[in-house]
Amino acid sequence: SCTTYSDITGFADVMGNMMWGMILSIGAVAIVVFVVVMYLMLKMIVDRAAYSVSLVKVFGYNDSEINRLYLGGSFWVVLVSALVSVPLSKLIMDALYPLLVSNIACGLDTTFSPLMYALIFALIFVSYFVINFVLTKRLKKIPETEMLKNRE
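Description of the structure in this document. (Residues numbered from 1 in each chain as written. Predicted model: local features only at pLDDT ≥ 70, side-chain atom pairs only at ≥ 80, totals over all residues. Heavy atoms only, no water.)

Relative to each other, helix α1 (residues 5–48) and helix α5 (residues 114–141) sit at 30°, their axes nearing to 10 Å. Once α1 is placed against α5, the crossing between them reads as right-handed. For the pair formed by α1 and α5, the contact residues are Ile-31, Phe-34, Val-35, Met-38, Tyr-39, Leu-42, Lys-43, Val-46 and Asp-47 on the first element and Leu-123, Ile-124, Ser-127, Tyr-128, Ile-131, Val-134, Leu-135, Arg-138 and Leu-139 on the second. (Axes fitted to C-alpha atoms, helices over the stretch in contact; angles between N-to-C directions. Helix = DSSP H or I, 4+ residues; strand = E, 2+ residues; numbered from the N terminus. Left-handed = near helix turned anticlockwise from the far one by under 90°. Contact = heavy atoms within 4.5 Å.)

Turning our attention to the packing of helix α3 (residues 63–70) against α5. Interhelical geometry of α3 versus α5 gives an angle of 120° and a closest axis separation of 10 Å. The orientation of α3 with respect to α5, classified from their angle, is oblique. Taken as a pair, α3 and α5 cross one another with a handedness that is right-handed. Contacts between α3 and α5 involve Asp-63, Ile-66, Asn-67 and Tyr-70 from the former and Thr-136, Leu-139 and Lys-140 from the latter. Partitioning the contact of α3 with α5 into residue classes produces three nonpolar, two polar and two charged. (Parallel < 35°, antiparallel > 145°, perpendicular 65-115°, else oblique. Nonpolar A, V, L, I, M, F, W, Y, C, P; charged D, E, K, R; others polar.)

Turning next to the environment of Val-53. Considering the arrangement of structural elements, one finds Val-53 in helix α2 (residues 50–58). Considered as a pair, Val-53 and Leu-24 are 29 residues apart in the sequence and their alpha carbons are 41 Å apart.

Following this line, the structure appears as C-alpha cells:
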C-alpha cells in the first residue's frame, strides 16, 4: 500500500474533527482553573492585608491609592508571567506532541497564528481585570474599624 500526502492530510482532518470537542473542553477547564487560581491568589493578598488597608484608610488614603498599593503590582506579575509562560509552554508542547502521537500517522497542524496568541492574552487580561474589579469592591468593604480589633 502507498500512503500519499492527501491520505495523511485527510486523516489529520478526521482526527482534528474527532478531537475538537476534547480540545474545547480542555481549554474551558484550563480557563476556569486559571481564573480560580488567580482569584484565590489575589484574594489571599487582600485578606492578609485587611489590617493594613484599614490603617491606611484611617490615615486618609483614597480608594484608588489603596487599589494601586495592594492590587497594582499584581498586574505586572501577570503581564510578565503571561509573556514568558505562553510562548514557553507552546515550545514545550511542540517538543512533546510528536512523542505523544508517535503511533498515529497523521499531520496535524499545531501552529498558532498571531490571532491565537492575541486571543490567549486577551483571555488572560480580561479575566485579570474582572477579578481585579471584584477584589476592588472587596477592598472598599474593609472597614476602618478592622485595625481596632484585638490582635494576638
